[in-house]
Amino acid sequence: MFSRRAFSLADGVFAIAPLLILAFYTRSGKELFIASSPEDPALIARIKALSPTVSLEDAKRVTYCVITTGHELGREWHVNWFSTLMPGIQNFLVKTGARKGGYCFQYSMEVLVRLDALKLKTVEFHWGESAGRWGAGTICENNGIVVTTRGQPFEQGVLLDSWRNQPNVTWTQVTGDPEYHWKENRSFAAFVLQRAHKAT
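Residues numbered from 1 in each chain as written. Predicted model: local features only at pLDDT ≥ 70, side-chain atom pairs only at ≥ 80, totals over all residues. Heavy atoms only, no water.

Asker: Honestly, the confidence of the model for the protein in this entry has me stumped. Any pointers?
Answerer: Any residue range with low pLDDT should be treated as having predicted coordinates unsuitable for detailed reading. Chain-level statistics for the protein give a pLDDT mean of 85 and a share of 80% at 70 or above. Within the model, pLDDT remains below 50 along residues 1–29, and this stretch shows 71 contacts once partners closer than five positions in the same chain are excluded. (pLDDT = per-residue confidence, 0-100. Contact = heavy atoms within 4.5 Å.)

Pasting the structure below:
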């Protein structure tokens, strides 16, 4: 969560209150699952079930990559148990300079670049964004990566959200998310990958 756009909450004690309320208000519903192991069998099976053309090896590699990336970034950004329970706290710590990262778009950008680098043959990846309850560019915006089989519509994919239960991964059918309504942003995905390729 947190838009890649500028965040403009007032500084000080009043800035944390909306984040805490939001964190408690948006806890997991019936359609959400959490993966914490790089070999999570449920996530592997769900990715494999996207299509008979998805290889089991590709499903395993996607799962391993997204989980280990989240855990690595969680260590780097000092994500603690309270940020796992209430990710808005990590956002506040980043906003105040106490942490270097932990916004949703930061997780998603790194996950997308690493997944793209795998050059998998049977799946592809999409940038997903949700305006949330209060609109795009607010504290309710969330970003995630959606995995589909080659040529499959975004709406049929599996959402991989590294922010909601950071450093673990929340996943669900992209249209079955009870908390967010996701849309694809192809131009931002292209921007992220182009920038990563230029940096190498």
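Asker: Could you clarify how one ought to interpret the layout of surface pockets in this entry?
Answerer: Rolled over the atoms, a probe as big as a water molecule pinpoints where empty space is left. In this model, the largest pocket occupies a volume close to 240 Å³. Along its surface, the largest pocket is lined by 16 residues, and D116, E124, F125, R150 and L193 are the ones closest to its centre. With five residues, strand β2 (residues 123–130) is the single largest residue contributor to the lining of the largest pocket. Its residues assigned to classes, the lining of the largest pocket comprises eight nonpolar, two polar and six charged. (1 Å grid on protein atoms, 1.4 Å probe; cavity = no way out; pocket = protein on both sides within 12 Å on 5 of 7 lines; lining within 4 Å. Points joined across faces, edges and corners; volume = space filled by probe spheres on them. Helix = DSSP H or I, 4+ residues; strand = E, 2+ residues; numbered from the N terminus. Nonpolar A, V, L, I, M, F, W, Y, C, P; charged D, E, K, R; others polar.)

Asker: Even after reading the chapter, I still don't get the side chain of T170, so can you show me in this structure?
Answerer: On the secondary structure map, T170 appears in strand β5 (residues 169–173). A polar atom in the side chain of T170 sits 2.6 Å from the side chain of N165. Other than its neighbours up to four places away in sequence, T170 contacts L32, F33, I34, L159, L160, D161, R164 and N165. (Polar contact = N/O pair within 3.5 Å; in protein donor to acceptor, adjacent residues only side chain to side chain.)

Asker: When you look at the pattern of salt bridges in this model, what are you seeing that I'm missing?
Answerer: Side chains that carry opposite charge are capable of pairing whenever their charged atoms lie near each other. Summed over the entire model, instances satisfying the criterion amount to eight salt bridges. Between R164 and D177 there is a salt bridge, and its shortest N-O distance comes to 2.6 Å. Of this pair, R164 sits in the loop between β4 (158–161) and β5 while D177 is found in the loop between β5 and β6 (183–184), placing the two residues 13 residues apart along the sequence. Residues R164 and D177 agree in their burial class; the two are buried. Residue R186 pairs with E184 through a salt bridge whose shortest N-O separation is 3.5 Å. (Salt bridge = Lys/Arg side-chain N within 4 Å of Asp/Glu carboxyl O. Buried < 20%, exposed > 50% of the residue type's maximum accessible area, 1.4 Å probe, protein only.)

Asker: I tried to follow the packing of helix α2 (residues 41–48) against helix α3 (residues 56–76) on my own but got confused; where do I start?
Answerer: For any two helices packed against each other, one specifies the crossing angle of their axes together with the interaxial distance. The interhelical angle for the contact between α2 and α3, taken along N-to-C directions, is 130°, at an axis separation of 8 Å. Our classification of the angle between α2 and α3 gives oblique. Judged by the twist between their axes, the crossing of α2 over α3 is right-handed. Where α2 approaches α3, its residues L43, I44, I47 and K48 are matched on the opposing element by L56, A59, K60, V62, T63 and V66. Its residues assigned to classes, the contact of α2 with α3 shows seven nonpolar, one polar and two charged. (Axes fitted to C-alpha atoms, helices over the stretch in contact; angles between N-to-C directions. Parallel < 35°, antiparallel > 145°, perpendicular 65-115°, else oblique. Left-handed = near helix turned anticlockwise from the far one by under 90°.)

Asker: Can you help me understand the packing of aromatic side chains in this one?
Answerer: How two aromatic rings sit relative to each other is given by the distance of their centres and the angle of their planes. Enumeration over the complete set of coordinates arrives at seven aromatic pairs. Relative to F82, the ring of W81 lies with its centre 5.7 Å away and its plane at 75°, an arrangement referred to as edge-to-face. Judged by its relative accessible area of 62%, W81 falls in the exposed class. Ring centres of Y180 and W182 lie 5.7 Å apart, and the angle between their planes is 50°; this geometry places the pair in the tilted category. Across this residue pair, the class does not change: Y180 and W182 are buried. (Phe/Tyr/Trp six-rings, centres within 6.5 Å; stacked < 30°, edge-to-face > 60°.)

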